[in-house]
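# Observations on the three-dimensional arrangement
The primary structure of each chain is shown beneath.
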Amino acid sequence: MSLIHLFLFVGLVSLEAAPASATSFSMGSRSILRDISSNDIGDHKDNAVELNATNFDSVFQDTPAKFAVLEFFAHWCPACRNYKPHYEKVARLFNGPEAVHPGTVLMTRVDCAAKMNIKLCDKFSIKRYPMLFWGPPRKFVGGSWEPKQENSEIIVVEEWRTADLLLGWINKQLGSSYGLDDQKVGNEHLLLPNVSDHEQISQAVIDIEEATEEAFDIILSLKAIKSSETGASFIRFLQLLVPHHPSRRCRKGSAEILMKFDDLCPAGECSYDSGVNNTLRNFHICGEDLPRGYYTFCRGSKNETRGFSCGLWILMHSLSVRIEDGESQFAFTAICDFINNFFMCDECRRHFHDMCLSVKTPFKKARDVVLWLWSTHNKVNERLKKDEDSLGTGDPKFPKMIWPPKQLCPSCYLTSTGKNIDWDHDEVYKFLKKYYGEKLVSSYKKKSEGVSKETVVVAAAEEMAVPTNALVVPVGAALAIALASCAFGALACYWRTQQKNRKHHHNPHYLRRYSSNYLVMNTFSNNESEREKER
């Protein structure tokens, strides 16, 4: 009997322990799977946002991201558990405080095995796990999906089984080149690489795209194109961007806007109504995923420093090193006119305008435009440095400096005593040409596409190519690139070239503005009061 009592006692102890064990398992099939998968990714907090029927709409309504990926899974599904590390590898690029590319794509997931989510999963016709969808966040709010649904902005992600496949699919949708190895560049690490590492300029291509799109957005939000004068200024800047912007997709977007500008803005009067089909608001000059809302190479240590103005300067430098001699005066005037009409920091605009007016002789060499812009930028930095030092408003980790520093171009300096620098302008020109031209493009290609050295050289040459007719007719150059980028056809290109040539090159006002720099700048001055009234 004592042996029987012993067995009964052991049985009772086991029953006492059972509720705790059962409770542990009831958190159970879900928590155990999560523990396993979290071990796979190093016990890090999930980056993908977990949604349910309660927070589903609000999360998509509040996100600043332009696109979203939504994964439907079941916590009991082994395939879902094994897929989670792949999904998280992509999610860490876009989600969370350490996101490398924040504000671009919102990565989310819904557990269809949770009872509260059953109806939500039914709305999206979930028949297998995992199942991934893509679309603008606002389309998921109160949204649904059916297999035979047509013309829906919510689409099924077709390539997702590995992190590489999923990110590759996302890149195709965005026209981007993100990589799983992309790392967040913290503000505290940017100063020294900016000064000493040529490779850092590769990040600037992303910032040039951002600044171009942001400038376009500012023009739209302020309805800044409101007359034939401002319309002509915008057209000329587009004519400069189409053949010479370092980003292929910005060249393509600029060409599309240029081709349709007469219809969008007859006589320079644009429609800004978002509800109208034929409006500038329907276009993105560099892509639908822009602006991203952040900068990399141009990121400051404070939110209010660097960023857009830095990106805009790099854009202007990159344009200047890509032009040919025959385009030098046109490029100079297009840049001056664009800043004067559309850069909304009034004091900065006036200072830049004054420096444009100080040039009395038309440019005949591209080299002279490159060096003028470089010298102007250094003068701006000197002026701003005095103000920022006295007011304490500068970026402590990125104080204004004379460019380039000796670390980057020792041969640019003949002598340097205090603030007095004797420059070797030939060496400065070589440095600027390489840094903002060949180096910017080829470094970006090498980083973003991971191709062979030979391919990089070919791609860089393709990016740097300038059509020969750009030397004589800038408008024709713009349209030639538009043809290559957008495949509009030889007939359309020829017709449009003739129209633009008749409209601008044979327009007396146009010729008066560009026949000499003196006349151009006097035209700026004469129209200053008109622009002030518009503002």
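As a reminder, the structure under discussion sits directly above these lines.
Once a new chain begins, its residue numbering starts again from 1 and follows that chain's sequence as written. Where local features are concerned, this predicted model is filtered to residues with pLDDT of at least 70; where side-chain atom pairs are given and counted, the filter is 80 or more; whole-chain, interface and lining totals use all residues. Calculated side-chain values reflect all of the structure's heavy atoms, with hydrogen atoms and water omitted.

### So, the sheet that holds strand β2 (residues 67-73)
As a reminder, the rule being used: Here the rule is simple: two strands pair whenever DSSP picks up at least two bridges between them. Secondary structure elements follow DSSP: runs of H or I no shorter than four residues count as helices, runs of E no shorter than two count as strands, and numbering proceeds from the N terminus. Note on contacts: a residue pair is in contact if any heavy atoms of the two residues lie within 4.5 Å. Here an angle of 0 to 180 degrees is reported between the N-to-C directions of two axes, which are lines fitted to C-alpha atoms, with helices fitted over the stretch in contact.
The strand order across the open sheet built from five strands is β1-β3-β2-β4-β5, with neighbouring strands paired in mixed fashion. The sheet is open, and its two borders are formed by β1 (49-51) and β5 (155-156), each paired with just one other strand. Both strand β4 (residues 131-135) and β5 contribute to a ladder of two bridges, which runs antiparallel. By the bridge assignment, F133 is partnered in β5 with V156. Lying over the sheet, helix α4 (residues 78-94) contacts β2, β3 (105-111) and β4, oriented at roughly 155° with respect to β3. Packed onto the sheet, helix α7 (residues 163-174) meets β2, β3, β4 and β5 and runs at close to 20° relative to β4.

### Focus on the environment of C270
With respect to the helices and strands, C270 occurs in the loop between α11 (248-264) and α12 (308-320). Separated by 45 residues in the primary sequence, C270 and I225 have C-alpha atoms spaced 6.6 Å apart.

### Brief notes about the state of the cysteines
Selection rule: In what follows, a disulfide is any cysteine sulfur pair within 2.5 Å. In this scheme, a residue with accessible area under 20% of its type's maximum is buried, one over 50% is exposed, and one in between is partly exposed, where area comes from a 1.4 Å probe on protein chains only.
For the structure on display, the rule yields six disulfides. Sulfur-sulfur distance for the disulfide between C250 and C286 comes to 1.9 Å. Looking along the S-S bond of the C250-C286 disulfide, the torsion reads about 120°, which is the right-handed sense. Separated by 36 residues along the polypeptide, C250 in helix α11 and C286 in the loop between α11 and α12 bring together distant segments of the chain. Here C250 and C286 have matching classes, each one buried. Paired through a disulfide, C265 and C270 show a sulfur-sulfur distance of 1.9 Å. Between C265 and C270, the S-S dihedral sits near 110°, and the bridge is therefore right-handed. Each member of the pair C265 and C270 is classed as buried. What links to what in the chain: the bonded cysteines, counted in sequence order, pair as 1-2, 3-6, 4-5, 7-8, 9-10, 11-12.

### Side note on unusual backbone geometry
A cis amide bond, omega -15°, links Y129 with the succeeding residue P130. Mapping P130 onto the fold places it in the loop between α5 (118-123) and β4. With an omega dihedral of -5°, the bond running from W403 to P404 counts as a cis peptide bond. Tracing the backbone shows P404 in the loop between α15 (366-391) and β6 (413-417). Unusually for a residue other than glycine, K223 sits at a positive phi of about 50°. Judged by its relative accessible area of 45%, K223 is partly exposed. In the Ramachandran plot, R306 falls in the positive-phi region, its phi being about 60° despite a non-glycine side chain. By secondary structure assignment, the location of R306 is in the loop between α11 and α12.

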